[in-house]
Amino acid sequence: MTDNETTTVEQHDESSPVSDTSREMLLSAAFVKLADTLVDDFDIVDLLQTLVEECKRILNIEAAGLMLTNQNEQLELVASTSEQADLVEIMQINAGAGPCVDAYTSGDPIAVPDIAAESTRWPAFSTAALNQGFQSVYATPMKLRGRVIGTLNLLGTTIGAVAERDASAARALADAATIAILQERLLRETTIVTEQLNHALESRIFIEQAKGALAQTYSVSMNEAFQLLRDYARRNNLRLQVVAAGIADRSIAASELTTLA
Amino acid sequence: MPETRREVQQATGMIFAQLDVSATDAFYRLRMHAFSTGRSIQSVAAGVIARTLDFRELE
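These figures come from a predicted structure and were not determined experimentally.

J.: Describe the overall build of chain B, with residues and values.
T.: A count of helical and extended segments in chain B gives 3 helices and 0 strands. For chain B, the N- to C-terminal ordering of α and β elements is α-α-α. Here chain B holds 59 residues, and 41% of them are scored as buried.

Laid out in structure tokens, this is it:
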């Protein structure tokens, strides 16, 4: 008897792409979902989290990460399909020198069908991505009135260009999110986009702190802590940021997160 | 560095839960510990996350 279950690679199953009809339905549903998040007390972090999760669900990719620029014109990871350090690290390297930052500076999508072939162009990014089993990446800029405010990045575990229909779906979803950021700007009647970006990035501070509190309380990983946080928010129909802030001021007890309704 | 900032925030949350203090106090203690041991905040945060450093044991 060998413990071969421990060697099973944790991978998303659906290697066979979803059928065209169900894919169109999923995509339409994703847009409706995004539109739904735009109602009154909509939160940008929730919206962006929904966006990356829908990308992973609908498109033939393994992971997705969304980055927005901060005041110092640096890209920061705001939402990703996994909170595990490996993906976060890849995205951060990517923001320094990789397709992500190139899509940001050029304003054009960057398709990398074979990451291994770009080891001289982006050595650190290639090494980190390949070490985690990622072979291809597609980075698309998020443009708002001619200004690039961030990038949406799709990572695949097989060599090959992202299918054009996936790429165009990703661009459409990124555009929808960009419009949502503009919408939030109007709702808040502020004058600069930077403030909205900062709001999204600052929301992350509470979320990271809440993850730490939950990781400590339940002896779980940061990724599992994030799942706990999100599950609780969904069960109670609360925004992620509200739950995170509630944990920070102890109006929501970390120890009761799994037992409270 | 954004990545290390995330870790500092996560470690702050862990200390917040370990010591039952406010997040502001937790961050203050993290910074004080780094200062008093001559380490960087990032390195102390990494130790907290890796669970090799528990602030309850420092009290």
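So, next bit.
J.: I'd love a proper account of helix 2 (residues 23–37) of chain B, names of residues and values included.
T.: With 15 residues, helix 2 of chain B ought to run about 21 Å at 1.5 Å a step, and its terminal C-alpha atoms sit 21 Å apart, in line with that. Looking one or two places after helix 2 of chain B, you find Gly38(B), whose phi comes out positive at around 70 degrees.

J.: Report on the pairing of strand 1 (residues 63–69) of chain A, specifying residues and quantitative values.
T.: The two faces of a sheet get side chains in turn, since along a regular strand they alternate between them. Residue and element names in this part refer to chain A. Summarising burial for strand 1: 7 of the 7 residues are buried, a large majority. Residues Ala63, Gly65, Met67 and Thr69 point to one face of strand 1 and Ala64, Leu66 and Leu68 to the other, with burial holding for every one of them. Here 6 bridges tie strand 1 to strand 5 (residues 147–156), and the two strands are oriented antiparallel to one another. The partner of alanine 64 across the bridge, within strand 5, is leucine 154.

J.: Can you lay out the environment of Ile49(B) for me, pointing to particular residues and giving the numbers?
T.: Residues and elements named next belong to chain B. If you trace the backbone, isoleucine 49 turns up in helix 3 (residues 41–49). Judged by C-beta crowding, with 22 C-beta atoms within 10 Å, isoleucine 49 ranks as buried. C-alpha of isoleucine 49 to C-alpha of methionine 14: the two residues are 35 residues apart in sequence and 7.7 Å apart in space. Once residues within four sequence positions are removed from consideration, isoleucine 49 is found in contact with Glu7, Gln10, Ala11 and Met14.

J.: How would you explain unusual backbone geometry if you had to name every residue and give the values?
T.: Excluding glycine, residues mostly carry a negative phi; peptide bonds, for their part, are mostly trans. At Arg250(A), a position not held by glycine, the phi torsion is positive, near 60 degrees. Here the phi dihedral of Arg51(B) falls at roughly 65 degrees; this positive angle occurs in a residue that is not glycine. One can find Arg51(B) in the segment after helix 3. According to the C-beta neighbour criterion, Arg51(B) is exposed, with 11 such atoms within 10 Å.

Rules of the game
Residues numbered from 1 in each chain as written. Chains lettered and ligands numbered in written order. Predicted model: local features only at pLDDT ≥ 70, side-chain atom pairs only at ≥ 80, totals over all residues. Helix = DSSP H or I, 4+ residues; strand = E, 2+ residues; numbered from the N terminus. Buried ≥ 20, exposed ≤ 12 C-beta atoms within 10 Å, placed from the backbone. Expected span 1.5 Å × (residues − 1). Pairing = 2+ DSSP bridges. Contact = placed C-beta atoms within 7 Å.

By themselves, these figures tell us nothing about what the structure is for.
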